[in-house]
Structure formats: C-alpha cells, structure tokens
Amino acid sequence: MERVESEDHDVHPVENTSPDQSSAPGLTPYQHDSAVVPALAQLADVACEGAEGFFEVGVNAQELAAKPMPPLDPAAVRELVTTFAYHLSVMPLGSAQPGASLIPLDGPAIPRALNDSDDEVRALWRELAGSVTHPAARARCADILFTLRLANPRDAAEQAAHGYLDLVGGHFRMTEQSHALLRAWTLARSVKLMPLMQQVASVMFDTAQDALTRQDAPHVFVNLLDALTAPQRRKNAQPVDPRVDDLLDRALLTYTDTHIVTQVARLVRRRAVGDDSRIRKASEAEVTAYLNDADRATDGIVIRAHLNNAASRARQLNMPDLEKIAVSRLQSAPPVEWKTIEAEIKIPNTLFRSYLRPFERADTWLAALGCWFHTDSPSGTLAVNERTAREVFNQSVFSRLATTVMFGDNDLPKRVLGDDDDALQRELIRVETMNIHLHGIVLADSLDLIKTRFGIPSFEDLNAPLIESGVHPDFARALAKAFMLYWVGEFEASAHLAVPKVEAAARALLLELNEPLYRTAVGDGSGQFPGLGVLLAPLTENDFDPDWSRFLETFLLGEGMNVRNLIAHGFMKEVGRERAALGLRALALLALITSADAVDRDEASVRAALANPHGTPSRSWRQRAINAVRAAWIELRR
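Remember, it's a predicted structure, so these values are computed and weren't measured experimentally.

Enquirer: Explain the overall build of the protein here, please?
Expert: Helices and strands together make up the secondary structure of the protein, namely 28 helices and 6 strands. Intrachain contacts of the protein at a sequence separation of at least 6 include 71% that bridge at least 24 residues. Carbon and sulfur atoms provide 51% of the accessible area of the protein, an area that totals close to 30,900 Å².

Encoded structure:
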C-alpha cells in the first residue's frame, strides 16, 4: 500500500480492524459476488440520471431494484443504497483547512461508518469503481476507495475529483455541486495534484461568480470563497486569483441577508490585511446590515435586538461613528410591549404563622428585633437551590433550545445567554429570586408586627444597643436610621440609606482581614476601592456563608435583581415595603459583625463571624417552607 505525504496532512493506509457490521440484526450479511457487479453498476448509473443529490441516488436505486427480473440480491442492493447514503460535510467557515470530507468515517453511525465496513463490502466498492460510468457514481466509489485506502491514493483522488467536477452544470442541486467542488479541491490538495487543484479552483470561482450574478444560493458563494481565500502554507502555495477580491467587494453590495454579509465581510477582512480602506468598507457594510434589519422590523423587542447587535458589532470593529448611531437609535427605539405571565402558588398559612410566632411571643421590641436579626438567608440554601434549578432546567426542553436575551433598565438589551451553563445559572437566579420575594413579604410582616405591638422605638433606643453589642458606630447609626425610616413608611429613603452601606460594611470587614483591595493610582487615574461585585469573592474565600453570599449577589448585583445599581443610578422607580425590608436585612447581616474594636480582632474571629453571620442554626420551619415552595414551583413549571 502506498503512503503519500500531503501539503496539508499525512495520508496513511487504514486497516480494517472493525468487526463485521455490514448488516443490522435480522438482515442477511452481504457476500461478494463479482458476477452481480455489472448489474449493480448499471443500476447505479441509471439511478444517478436526473437525481438532485447523492441521497436521491440511493432512493432511486432502491425503487429501481424492485422492478428487474430476475430480482437482484437484496443484500447487494442494500449495500449499493448505503454507498450513496454517505454525505459530504463542509468544514466550518474560517477553518484552517477549509474543504469537505466524506462521512461518517467512524461509528457507531447510521449509515454504517465507512471504517466499519467488512472485506466483502470493500470488495464490492473496488469493483464498482471500475464499472460505473455516471460522474456521481464514479466520484462516490473512487472517494470511498481513497478514504479507506483501498486503491492507490493518488489515482483514487484524481478519479474522484474528476467525477465531482463533471457534476457541475448537471442535475445536482447547487448546494450539492458546491460541496462536490470543495471535496474535489480537498482531494487534489491532499495528494498534491497541482494542475488539477488549479482546474478545480477555476471552476469554484466560476460557480461562485454565477451564484453572485444570479443572486442565488449565497451560502454556496461564501463556502467557495472561504476555500479560495484561505491562507496557504508557503510551500507550494498557489497565488489567489485577483478577481476573487472584486468578487468579494461585489458581494458586499449584492447580498442583503445580514448573516451572509457578516460572513463575506469576514472574508474581506482576512484578504485585505494592510488595506485599511477595504477593511473599513467591509465593517461598515456589516454594521449597516444590522441597522437595515432594525429598519425592516416592526416589533419593539426585535428592533432593539438588531440595534443592540449593530452597536455591539460596531464597537468590536472599531467603528465609533456607527456605534453612536446605533446606540442613539437603541435609546429612542419604540417601547417594548411586555407581557406578564402570572401564576399562583398557595403557601399554607401555618408556615407564615410559624415564621411570625417568635415576634408574637417576644416580650419587648428589642427581643423581637433580635429574632429578626437571626432569620436565615432570604434566598434560601444554596445546595437546595442548585438542585432545584438543575431539576427544572433538565425538565424544560424550551430553556435548552431557545436563545435567551436579558433586558435591563429602560428595556435595553443587557446580555445574551450563550450556553447551557449560562442558562442553568439563570435558572438558579430565578429560584433564588422567588425565594427572596417570598421572604421579603415575611420580613416586612415581621417588622410591621413589631411596630403594631410595641410602637416605634426612638433613634437613641435603637442606636444604643447596637453600639453596646460592638457594632461599628457608623454602621449602627445607619442601621438605626434605616429602621426608623422604614417604620414611618419612608421605604424609598430607608432602602437608599441601607443598600449603599452594604458595600461599605463588606469593605470594612475585608480591611480587617487586610485583603489587598485598593487599586492604586496609575498615571492620571485615581486610586479607588472596587465595588461590591468584586468584594464578595474575597469574602467568600474568607469563609463567608455561601447562602448569604448568594443572597447579596442575587438581590443586589446585576445578574440578579440588581437593586444596588438601580438605586445608585436612579432607576428604582418605586420601593415597596418588601424591598425595603430586604435592604435592611442585607445591611443588618454585615453591619452586625463589624466592630468598633477592629484592631483587637484577629483574622480567625472575623472569619468565624463571616461563616455564621446570623449567629444561630437554621430553623426547621424554614426548611419545611423551602421544600414546599420548591415542590410547588417545580410542579408549576412542568
């Protein structure tokens, strides 16, 4: 067996080490008989006439085989049909070695993988290759011989390439013809048939030009031009036809589909290295295509999606003028008509009564407030939430197939969830958010019950016990004021005071641990501390309870409810009692473990406070509530 070193890869003999898989269970295995080859070859040639693709050839062969008298061997017909069931797979756009391959090569697969064919079937392929006459049959049989190294690779590649070339202009669909050309180009390159490779490239160019002129089959144009413009190795590199650049420039002005324009622009930029003018024109055409999509759209959310794509792509391509246009249009786009899907989940009253019981039994407001300070994380237990999110995600086909676009403030697109990990993380946030909303109600009910039973304590009465317990005076004062504002009904003011102080408390605790946080000044830049999103990670690394870390992250930061940024940037239009109560709970969590005597505390004591910030173990009623809500929510999502 000959071994050929190619420019792009090495071609090696392939040995048949697979077991006999030439037939499915219940089917008679094929036994090769040279006497039937002429009839099978004739059947293959007739089946190719008028077919629009290799798959149709197999269908035709099966239908024609039912008519001849005497009948052909069913096992032989089955193998002939399988011969045309293999297909050409085009490499993704931008691959290092574009082209096409004959698949499936390895199994298990349907049809049976080429490498899984036994010696009897391989003997049939060898004889068919020398007997068939139609270009499609010649190309397929010779390609199989090349792929499995059943003949001289150079001869088989040349025979297959010529067969594929002869398909151009025939009955095969344009897509099938382009795939055949890409396969012929791959074969010629593999065995260094340079004259044949140039011939194939010329036909590829003519086919692409014809598709462009007729404004038909743009994907054919893109795939062929991708191969013609691919960077080549210096050894035996062939010059690219200069007409290819003209063809690409014409395509940018001809095609209107944004996906195709994006692909053509990518090819232009690859070819135009050093030519800033051509690169700029290609990038302008790509961004303009997104803007045109927005012009054609009528739905507000679709318009915003296209404009967001235009702005994002303009930034990536360093087109500031077009980015400004896209952003301006995005900000003034028609409003989105959001639809809310409402569902009811009945929570037993006993659960709420269990939660409120400590506040009903407390003798003083201070004892009741102490119970409030020891409530568990409003977002729930992280391990339980992760298990719930995974169960819901695995049960939802839609969430795994659909592309999810998240919108933020003023109905502006914020993020596209790209993969299963993103979608699963979003499902976790959804579970936590539902828990937070539920606990916001009971936290607010508890504070209202304290007010109803004991009245509103004075600021001094609130502040003094906090300071006496060791809380840093700044945070004690802020927490006391925030409670006072809540109890007098100033929910917005309470939240605007409490929420920013959460970040300050987190920073104070990390400074006690001497974590390197401060970003020093560089050049004209100012030194500063990072925001809460950065501070939570080192807190967690220092043993911060993960249940509470997730609450702060989901309640305050951008991937969740984003309360911190909404308040800081003036987007929080209305603050209800539940959200104000949650803001108080977030501040109380960290404020109560700060200390006015920070210099006297060692790192171990700070970490211990972070690991158990509310000071008591979880209560059994809460676990029952979480399990009930979780079960109801999973049932609702089914």
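From this point, the narrative continues.
Enquirer: How do you make sense of the packing of aromatic side chains when you look at a structure like this?
Expert: Here a ring pair, both rings aromatic, is described through the centre-centre distance and the interplanar angle of the planes. As enumerated under the stated definition, the model contains 11 aromatic pairs in all. The interplanar angle of 75° and the centroid separation of 5.5 Å between the aromatic rings of Trp372 and Phe483 together place this pair among those described as edge-to-face. Of the two residues, Trp372 sits in helix H16 (residues 365-373) while Phe483 sits in helix H21 (residues 473-487), which places them 111 residues apart along the sequence. By relative accessible area, Trp372 is classed as buried at 0%. Taking the relative accessible area as the measure of exposure, Phe483 reaches 1% and is therefore buried. An aromatic cluster is defined as three or more aromatic residues linked by ring pairs; in this entry it consists of Trp372, Phe373, Phe483 and Trp487. Taking the ring centre of Phe146 as reference, the NZ or CZ of Arg149 above it sits at 4.1 Å. Lying across the ring of Trp372, Arg585 places its NZ or CZ 5.7 Å from the centre.

Enquirer: Could you clarify how one ought to interpret the pattern of salt bridges in this entry?
Expert: Two side chains with opposite charge may pair up if their charged atoms get near one another. On inspection of all chains with the given rule, the structure shows 27 salt bridges. For Arg173, the salt bridge is made with Glu52, and the minimal N-O distance between the two is 3.6 Å. On the criterion of sequence distance, the pair formed by Arg173 in the loop between helix H6 (153-166) and helix H7 (174-190) and Glu52 in the loop between helix H1 (37-48) and helix H2 (54-65) is long-range, its members being 121 residues apart. Overall, Arg173 belongs to the partly exposed group, its relative accessible area being 32%. Residue class for Glu52 comes out partly exposed when judged on its relative accessible area of 42%. The structure contains a network of salt bridges with shared partners spanning Glu52, Glu56, Arg173 and Glu176.

Enquirer: Can you walk me through helix H3 (residues 74-83) in this structure?
Expert: Note that an α-helix has 3.6 residues per turn; residues three or four places apart therefore point the same way. In terms of burial, H3 is a largely internal element, 8 of the 10 residues being buried. Along H3, the residues that are buried comprise Ala75, Ala76, Val77, Glu79, Leu80, Val81, Thr82 and Thr83. Buried residues along H3 sit against H1, H2, helix H4 (119-129) and helix H5 (135-148).

Enquirer: Can you help me understand the side chain of Ser377 in this one?
Expert: Secondary-structure assignment places Ser377 in the loop between H16 and helix H17 (382-395). You can call Ser377 buried: its relative accessible area is 4%. A polar side-chain atom of Ser377 sits 3.0 Å from the main-chain carbonyl oxygen of Asp547.

Enquirer: Can you walk me through the packing of H5 against H7 in this structure?
Expert: A pair of packed helices is captured by two measures, namely the crossing angle of their axes and the spacing between those axes. Packing of H5 against H7 leaves a shortest axis separation of 12 Å and a crossing angle of 40°. One way to sum up the angle between H5 and H7 is to call them oblique. For the pair H5 and H7, the sense of crossing is left-handed. Only Arg183, Leu187 and Ser190 of H7 make contact with H5, whose side of the interface consists of Asp143, Phe146 and Thr147. Residue composition of the contact of H5 with H7, grouped by class: 2 nonpolar, 2 polar and 2 charged.

Enquirer: Hey, could you run me through the environment of Thr258 in this one?
Expert: With respect to the secondary-structure elements, Thr258 resides in helix H11 (residues 258-271). Separated by 31 residues in sequence, Thr258 and Ala289 have C-alpha atoms that sit 5.3 Å apart. Apart from residues lying up to four places away in sequence, Thr258 is in contact with Ala289, Tyr290 and Asp293.

Cut-offs used in this document
Residues numbered from 1 in each chain as written. Predicted model: local features only at pLDDT ≥ 70, side-chain atom pairs only at ≥ 80, totals over all residues. Heavy atoms only, no water. Helix = DSSP H or I, 4+ residues; strand = E, 2+ residues; numbered from the N terminus. Contact = heavy atoms within 4.5 Å. Areas by Shrake-Rupley, 256 points an atom, 1.4 Å probe, with all protein chains shown as cover. Phe/Tyr/Trp six-rings, centres within 6.5 Å; stacked < 30°, edge-to-face > 60°. Buried < 20%, exposed > 50% of the residue type's maximum accessible area, 1.4 Å probe, protein only. Lys NZ or Arg CZ within 6 Å of the ring centre and 35° of its normal. Salt bridge = Lys/Arg side-chain N within 4 Å of Asp/Glu carboxyl O. Polar contact = N/O pair within 3.5 Å; in protein donor to acceptor, adjacent residues only side chain to side chain. Axes fitted to C-alpha atoms, helices over the stretch in contact; angles between N-to-C directions. Parallel < 35°, antiparallel > 145°, perpendicular 65-115°, else oblique. Left-handed = near helix turned anticlockwise from the far one by under 90°. Nonpolar A, V, L, I, M, F, W, Y, C, P; charged D, E, K, R; others polar.

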